[in-house]
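# Reading the structure
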Amino acid sequence: MAVSSFQKKTKHGIPKISGTRPSLRNSQLLISTGVPSLDYFIGGGLAVGTVMLIEEDVFGAYARILLKYFISEGIVCGHSLFLSGGDVSPTQILQGLPAPISDNSAHRKSEPESRQVGAEPMKIAWRYTDLPVVQPAPAVHQFGHYYDVSLVMDSKLMQQCDIETYDICEGSTESPQQFSGTLLPQPYQMVLYKIWRRLKKGNFLTSSNPAQPNILRIGIHSLGSPLWRTISDSERSSSSDSPMFKFLHLLRALLRSAYAVCVVTVPLHLIQDVERLRFESDTVVKLESFAGSDKEMNPVFKDYHGLFHIVKLPRLNSLTSFIPETKDLCFQLKKKKFAIEKLHIPPDLSETASRTNKDPVVDKISHKLIGCSSATKIEIDF
Amino acid sequence: MFSDLNVFLECEKNLPKRKFILVTNDHRSDSSFVLHNMISLFLKNSCPVILVNIAQSFNHYHNVALKLGINLKKVVEEGKLLCVDGLKLLNALIESYFEEQNCLNNPFSFIMNCREHSLMELYLSIKKKVEMLDNSSTKDLNFLILIDDFSNLQSLGASNIEVINFINYCHSLILRKTGGCLVIGGSVDFDDEDSHVLLNCISHSSDTCIQINGLLTGQSRDVDGEITVTEKSGKLSKKIMQFKVEEKSVRLFARGTCSAVL
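The present account deals with the structure reproduced in this document. A quick note: this is a predicted structure, and the numbers were derived from the prediction, not measured. (Residues numbered from 1 in each chain as written. Chains lettered and ligands numbered in written order. Predicted model: local features only at pLDDT ≥ 70, side-chain atom pairs only at ≥ 80, totals over all residues. Heavy atoms only, no water.)

### Comments concerning the packing of aromatic side chains
Under the definition given, this model contains 15 aromatic pairs over all chains. Through a chain of ring-to-ring contacts, three or more aromatic side chains come together here, namely A:Tyr62, A:Tyr69, A:Tyr147, A:Phe331 and A:Phe338. In this arrangement the basic side chain of A:Arg217 is found over the ring face of A:Phe70, its NZ or CZ atom lying 4.8 Å from the centre. Geometry around B:Phe8 places B:Lys239 over its ring, the cationic atom sitting 4.9 Å from the centre. (Phe/Tyr/Trp six-rings, centres within 6.5 Å; stacked < 30°, edge-to-face > 60°. Lys NZ or Arg CZ within 6 Å of the ring centre and 35° of its normal.)

Have a look at this one:
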């Protein structure tokens, strides 16, 4: 008997995990960064098994907020978490997580009303009474949420999650686990060990073939800050950054075969060889905040808090990487949204330049002119 | 296989033999398309390939090759592709290290203690693969050794001298009577003196340098960058073209003649 060679194509490669979606481009599994606009600009989200590097702004404040969003998103989606750092203790970061803005409260109010309507027998469109009421998609399957930075995440929600923290400063006072030989200098080795143990025990490795795979979100705050440095490693090699590159490469090797994503923030001004750091990570974004810089006063940027640079996007399973529409991006932290937008100059709507009076930069220039010449303003007539 | 690129590299008719080709990129560009092209070029001419992947997983190479019409996993079964899977070996090393097992026979054990000749193990594992090819029936054929990123060796803690020695040893593997081709990729940070010195030393012993640079004027939607090919053996020449990598192909064009400009 001839059997048709046609077979229904079944998607067995990608398991279904909450808070994930497959990429449209290369069938990679993606998770949200917790900032929907950032997801959009980096091609849908972070691919599972990759490392994202956030190059911190000078004060590190906005990078920390991005990291918090990443963790909050994990808690809302029910992912497992691992958080490490030294500059700010991980428990402190966990205490200050932003709370998700739930759409459910709005739905709940409307529900009883619709039932009341349904209870009344319909007179005109009676055929439709039997139709089920359309339910909005449950929030659990939503990809990417918005958070309110003014509210703190409910501790009950956090207790449901599997969260592990490792403070490198506390860790140094404990006696670290000893291994024969050294793979990495101390804080790095311990962090890598904790991550490796977590991946193995939590069945996050793809080789373990878990029935119900979950995602492990790893957050590392201020990697490479002075607290990560030990005396011994600066003596041994000329470049004190070298253990960091090794750590990142080993971490990437680990994650490539695991259901895990790592976000690392790095204080850029403390690092000598930035390019190599970028070579060793998959996605790289850079925050440049206006706080304390001349740009703060610039009228062009008055609506924004800083510039957002996409430095590198990963090439995964394909020759090309995602190319965003534009690379001129800026960010603005609102109460309920970390908005990343295309940078555009506000339109000058007024016909005559009445703006010059309000324009702080022009004011500044004209003040300088007073100092060096008697003419206050040079008017050019056409 | 990218026909444009092969014509440009002059390897569409006869495969490079007894040649050491260095492929580098700067921080604004990516040279992996040249490496993928080399793998599929050799495999399509039924020449065996030894792949040493340190930067990307084998799955990545498999998926890209699928788009170019080759099933690498099948080729591995046929014995035409021998793989030294760096990422897998690093994983195994981490595992055995943390479980306090002996991991000295791992080719990547050099990352634990940097001593002299520390990359020897990695070289020996590549040499073993070459000997496996010698024993098989495809004796007279050309073959390819491809190391995807030498700069990762440096990141993993190997010193410049060790990397140079390692590459010279690998070079000796293709100069034996059967012949072969060595392709080594790497990312170069020109601000860093250390990696610049390393690049100069390696390119000195290479026969062909393929340099991929991003555009100096910034990113463009229609042009990915410039490709510079410097021939150092045979006829000496230097050629520059601009390129654009697409999903399944690469377009090359003379400088300033991309379709968006004309």
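### Here we look at the sheet that holds strand E6 (residues 208–213) of chain B
Residue and element names in this part refer to chain B. Read from one edge to the other, the open sheet built from 9 strands follows the order E3-E2-E4-E5-E1-E6-E7-E8-E9, with strand pairing classed as mixed. Each edge of the open sheet is held by one strand with a lone partner, namely strand E3 (81–85) and strand E9 (250–253). The mean angle between the axes of side-by-side strands here comes to 20°, regardless of whether they run parallel or antiparallel. As paired elements, strand E2 (residues 49–53) and strand E4 (residues 144–147) share 4 bridges and run parallel to each other. By the bridge assignment, Val49 is partnered in E4 with Leu144. Running at roughly 160° to E4, helix H2 (residues 32–44) makes contact with strand E1 (19–25), E2, E4, strand E5 (181–187), E6, strand E8 (237–245) and E9 of the sheet. Sitting on the sheet, helix H9 (residues 193–205) touches E1 and E6, and the angle it makes with E1 is about 150°. (Pairing = 2+ DSSP bridges. Helix = DSSP H or I, 4+ residues; strand = E, 2+ residues; numbered from the N terminus. Axes fitted to C-alpha atoms, helices over the stretch in contact; angles between N-to-C directions. Contact = heavy atoms within 4.5 Å.)

### Structural notes on the interface of chain B and chain A
Each partner contributes residues to the interface: chain B has 46 residues there, and chain A has 37 residues. Summed over both sides, the interface of chain B with chain A buries roughly 3,600 Å², with 56% coming from carbon and sulfur. Three residues stand out in chain B for area buried against chain A, namely B:Tyr97, B:Phe98 and B:Ser155, and they jointly supply 19% of the buried area on that side. Counting every contact that joins chain B to chain A gives 2 salt bridges. Close ionic contact of B:Glu95 with A:Lys200 constitutes a salt bridge, the shortest N to O distance being 2.9 Å. The interface formed by chain B and chain A includes 22 residue pairs in polar contact (both at pLDDT 80 or more). In terms of residues, the side of chain B that touches chain A owes the most to one element, helix H5 (residues 86–98) of chain B, which gives 8 residues. (Buried area = accessible area lost by both parts, 1.4 Å probe. Salt bridge = Lys/Arg side-chain N within 4 Å of Asp/Glu carboxyl O. Polar contact = N/O pair within 3.5 Å; in protein donor to acceptor, adjacent residues only side chain to side chain.)

### Observations regarding the sheet that holds strand E1 (residues 20–22) of chain A
Residues and elements named next belong to chain A. Strand order in the open sheet made by the 3 strands is E1-E2-E3, with antiparallel pairing throughout. A single partner strand is all that each edge strand has here, and the edge strands are E1 and strand E3 (46–47). When strand E2 (residues 29–31) meets E3, the two strands line up antiparallel, connected through 2 bridges. Bridge pairing in E3 links Leu30 to Ala47.

That is the geometry; function is a separate question.
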